[in-house]
Amino acid sequence: MHLVLLYNILENVKLANNRCSFTLIELLVVIAIIMVLCSFLLSAISGAKERARRIVCVNNLKQIGAAFFLFANDYGYYPWRVSVKNGGSRSQTNVYATFKVLEKELSAPRILKCPSDELRYPAKSFNQLNNSNISYFIGVDTKENKISMMLAGDRNLEGGKPNTDCPIADVKKVAYEFTKKRIKMAYWSNTVHKGVGVVAIGDSSAHIVNTKKVQLLLQSSDDEANAFNNHILKP
């Protein structure tokens, strides 16, 4: 459509040249149309770049989900359920502590940074890893047999009750809690992917989900019925 419009403009230019020179109004109209076409092009390029970044983010979270699975296969539990002295991160309140124990399972610390997250920067090594190098929360309520619960996801998931305890991970006053009443308040902010997010779930898959879908994912979580909290820990 844009090419047809541009072709018509050029044809009109030829006719104008045959007839007489441009008037000021005609020149301004041509410039305005060219500017509109350029804005369409820039918008399309920007959208394509963001889609590419989301694909990278999905791949990052697939690798993170697989790393958790491999760790659980070796230790019997996810890191937040294994004590520090036994190689896990139980009772550790910083997200980076959990990802540090996955050094063997993860390819490189750079996958912990989402390419759309402009407020984070990749770590050069696991020794230097800090929360400022991480774009993803971890689902510290998730157990190994709970395949529909969230393992990790973009940190811009909002609406959870802050400063809560998670007995499973033995952390106090640092987790975000999504109870059944709180789920309807869950939403993605514009901090990372502009109103959507990417999550990895217990079956090691990763998905791009909007606010409605993340609420449904939390509602369908197979968290314990008597302690339905869906706690997450943010970097």
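Located above this text is the structure these notes cover.
A brief structural summary. Note that the structure is a prediction, hence the values are computed from the model and not measured. (Residues numbered from 1 in each chain as written. Predicted model: local features only at pLDDT ≥ 70, side-chain atom pairs only at ≥ 80, totals over all residues. Heavy atoms only, no water.)

**Details of the pairing of strand β8 (residues 206–210)**
Every regular strand shows the same layout, with side chains that alternate between the two sheet faces.
Part 1 of the argument: In the sheet, strand β7 (residues 196–201) pairs with β8 via 5 bridges, with the strands oriented antiparallel. Following the sheet pairing, Val-196 is matched in β8 by Asn-210.
Part 2 of the argument: Hairpin connection, β7 to β8: the antiparallel pair is bridged by 4 residues, and Ser-204 has positive phi, about 75 degrees. (Pairing = 2+ DSSP bridges. Helix = DSSP H or I, 4+ residues; strand = E, 2+ residues; numbered from the N terminus.)

**What to know about the packing of aromatic side chains**
Part 1 of the argument: Within this structure, the stated rule accounts for 5 aromatic pairs.
Part 2 of the argument: With a centroid separation of 4.2 Å and 15 degrees between ring planes, the pair formed by Phe-71 and Tyr-75 is classed as stacked. Here Phe-71 pairs with Tyr-75, and both are found in helix α2 (residues 24–75), just 4 residues apart, close to one helical turn.
Part 3 of the argument: For Phe-71, a relative accessible area of 0% translates into the label buried.
Part 4 of the argument: Geometrically, the ring pair formed by Tyr-78 and Trp-80 is tilted, given 5.2 Å between the ring centres and 40 degrees between the ring planes. (Phe/Tyr/Trp six-rings, centres within 6.5 Å; stacked < 30°, edge-to-face > 60°. Buried < 20%, exposed > 50% of the residue type's maximum accessible area, 1.4 Å probe, protein only.)

**Considering the nonpolar core**
Part 1 of the argument: Core analysis: the biggest nonpolar cluster contains 37 residues, and Leu-61, Ile-64, Phe-68, Trp-80, Phe-99, Leu-106 and Ile-138 have the highest contact counts within it.
Part 2 of the argument: No other element matches the 8 residues that α2 contributes to this core.
Part 3 of the argument: Among the nonpolar cores identified, the runner-up in size contains 15 residues, and Phe-137, Ala-186, Val-199 and Leu-217 belong to it. (Core = buried A, V, L, I, M, F, W, Y, C linked by side-chain atoms within 4.5 Å.)

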